[in-house]
Amino acid sequence: MALPIVHYNHPILRKKGAKVTAFDAALAEFAAEMVATMHAANGIGLAAQQVGRALMLCVIDLREATAEFNWTLDGAKPPLDLFMPLTLANPVVTVLPATTDTVYEEGCLSFPGIRGDIERPDLISVKFQDERGVPHVMVCDGLLGRCVQHEVDHLNGVLFIERMDKKVRAEVDEAVKTLAKATREAAKAAKA
Ligand SMILES: [Zn+2]
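Residues numbered from 1 in each chain as written. Predicted model: local features only at pLDDT ≥ 70, side-chain atom pairs only at ≥ 80, totals over all residues. Heavy atoms only, no water.

1. Some details on the overall build of the protein chain
Working step 1: In terms of helices and strands, the protein chain carries four helices and eight strands.
Working step 2: In the protein chain, the order of α-helices and β-strands from amino to carboxyl end is α-β-β-β-α-β-β-β-β-β-α-α.
Working step 3: Taking 192 residues into account, the globule formula puts the C-alpha radius of gyration at 16 Å, and the protein chain, at 16 Å, falls close to it.
Working step 4: Projected onto its principal axes, the C-alpha positions of the protein chain cover 50 × 40 × 25 Å.
Working step 5: Relative to its 192 residues, the protein chain shows a buried fraction of 46%.
Working step 6: Counting only carbon and sulfur atoms, one obtains 55% of the accessible surface of the protein chain, whose full area is about 10000 Å².
Working step 7: In the protein chain, which carries 21 positive and 25 negative side-chain charges, the distance between the mean positions of the two groups comes to 9 Å. (Helix = DSSP H or I, 4+ residues; strand = E, 2+ residues; numbered from the N terminus. Rg over C-alpha atoms; globule rule 2.2 N^0.38 Å. Buried < 20%, exposed > 50% of the residue type's maximum accessible area, 1.4 Å probe, protein only. Areas by Shrake-Rupley, 256 points an atom, 1.4 Å probe, with all protein chains shown as cover. Lys, Arg positive; Asp, Glu negative; His and termini not counted. Charge placed at Lys NZ, Arg CZ, Asp CG, Glu CD.)

2. Remarks on the coordination of the zinc ion
Working step 1: In this structure, Cys108 (SG), His150 (NE2) and His154 (NE2) serve as the protein donors to the zinc ion, at separations of 2.0 to 2.2 Å.
Working step 2: Written as a sequence motif, the donor residues of the zinc ion are C-x41-H-x3-H. Of the two residues, Cys108 sits in the loop between strand E5 (101–106) and strand E6 (116–121) while His154 sits in helix H3 (residues 142–155), which places them 46 residues apart along the sequence.
Working step 3: A residue is classified by how much of its surface remains accessible, and Cys108, at 10% relative accessible area, is buried.
Working step 4: Given the relative accessible area of 1%, His154 is considered buried. (Donors = N, O, S within 2.8 Å, 3.2 Å for Na, K, Ca; no water.)

3. Some details on the environment of Asp141
Working step 1: Mapped onto the fold, Asp141 is located in the loop between strand E8 (135–140) and H3.
Working step 2: The spatial distance from the C-alpha of Asp141 to the C-alpha of Arg115 is 21 Å, given a sequence separation of 26 residues.
Working step 3: When neighbours within four sequence positions are excluded, Asp141 is seen to be in contact with Phe69, Asn70, Asp122 and Leu123. (Contact = heavy atoms within 4.5 Å.)

4. Overview of unusual backbone geometry
Working step 1: Cis rather than trans, the peptide bond between Tyr8 and Asn9 has omega equal to 15°.
Working step 2: You can see Asn9 is positioned in the segment before helix H1 (25–40).
Working step 3: In this chain, Met84 is followed by Pro85 through a cis amide linkage whose omega measures 0°.
Working step 4: For Pro85, the position within the fold is in the loop between helix H2 (80–83) and strand E4 (86–95).
Working step 5: Of note in the backbone geometry, Asn42 takes a positive phi value of approximately 55° without being a glycine.
Working step 6: Among the structural elements, Asn42 can be located in the loop between H1 and strand E1 (45–47).
Working step 7: Unlike most non-glycine residues, Asp74 shows phi in positive territory, near 55°.
Working step 8: With respect to the element layout, Asp74 can be found in the loop between strand E3 (71–73) and H2.

5. So, the packing of aromatic side chains
Working step 1: Evaluation of the coordinates by the stated rule reveals four aromatic pairs.
Working step 2: Site record: aromatic cluster; members linked through ring pairs are Tyr8, Phe111 and Phe160.
Working step 3: Geometry around Phe30 places Arg53 over its ring, the cationic atom sitting 4.2 Å from the centre. (Phe/Tyr/Trp six-rings, centres within 6.5 Å; stacked < 30°, edge-to-face > 60°. Lys NZ or Arg CZ within 6 Å of the ring centre and 35° of its normal.)

6. Thoughts on the sheet that holds E3
Hydrogen bonding along the main chain pairs the strands of a sheet, whether they run parallel or antiparallel.
Working step 1: One open sheet holds the six strands; their spatial order is E1-E2-E4-E7-E8-E3, and the pairing between them is antiparallel. With partners counted over all chains shown, the strands left at the sheet margins are E1 and E3, one partner each. Pairwise comparison of adjacent strand axes, ignoring direction, gives a mean angle of 35° for this sheet.
Working step 2: Across five bridges, the pairing between E4 and strand E7 (residues 124–129) is antiparallel. Residue Val93 lies in a different strand from E7, and its bridge partner there is Val126.
Working step 3: On the sheet, H1 packs against E1, strand E2 (57–60) and E4 and is oriented at approximately 45° with respect to E2.
Working step 4: Across the face of the sheet, H3 comes into contact with E1, E2, E3, E4, E7 and E8 while running at roughly 155° to E2. (Pairing = 2+ DSSP bridges. Axes fitted to C-alpha atoms, helices over the stretch in contact; angles between N-to-C directions.)

7. A closer look at the pairing of E7
Working step 1: Note that E7 and E8 share six bridges and pair antiparallel. Across the sheet, Ile124 pairs through a bridge with Cys140, a residue of E8.
Working step 2: Linking E7 to E8, which pair antiparallel, is a turn of five residues; within it Gly133 sits at a positive phi near 95°.

Listed below in C-alpha cells is the structure:
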C-alpha cells in the first residue's frame, strides 16, 4: 500500500530521524510500504520523513535507472536484482578520499516538479543495517552514491535545496515558495 508523501515545507522534513532499534515485523512492513510508495511515485529513493516519520530509514531502487554507477556490497558485486529495492536503516556515509565532486540534476518526491543541479562527492562508503538488522557496507559512486547522499540528508533533516548553489537556488525560489504555500493551505484545509 502506498503512503501519502509529505511535501515541503512540512515540519517533519526538518526532523532528524530516531535511530532504528527494533528490527521487527512492524519495521519490515513499514519498509515494504515505503518501497511501494516510492514505486508508485516513480522515485528512486524515499526517506521515512517523506512519509511522515522521523526515523533513520530510507529505501532505494535503481534497477530502472539509466545513469551509470558502480558498487560493491560487503566486498562483493552482487547483481542489482539481488539487493534492490534496498532498505537502509541507520546509514552513515563516509566520503572516500579518492573522490572528486560531480554535478548532476536532482529531484525530490517532496518537491514535485522542482529540479536543480547539485554538486556532491562522487565516491562514498555507507554503513547501514538492512530491515532485519544485519549490518552491511556498500561502496558506490555515480547515481547510487548521489541517491544515498540525498536520502541520508533527509534522515538528518537536510533538504536538497540547501545543497544548491546560490544561482540554482534562486532559479527555483519561486516554485519553492509556491509549493510551501500550497502545503500550508492543504494542512489548514485538513484541519478545518
Ligand atoms: Zn528527496
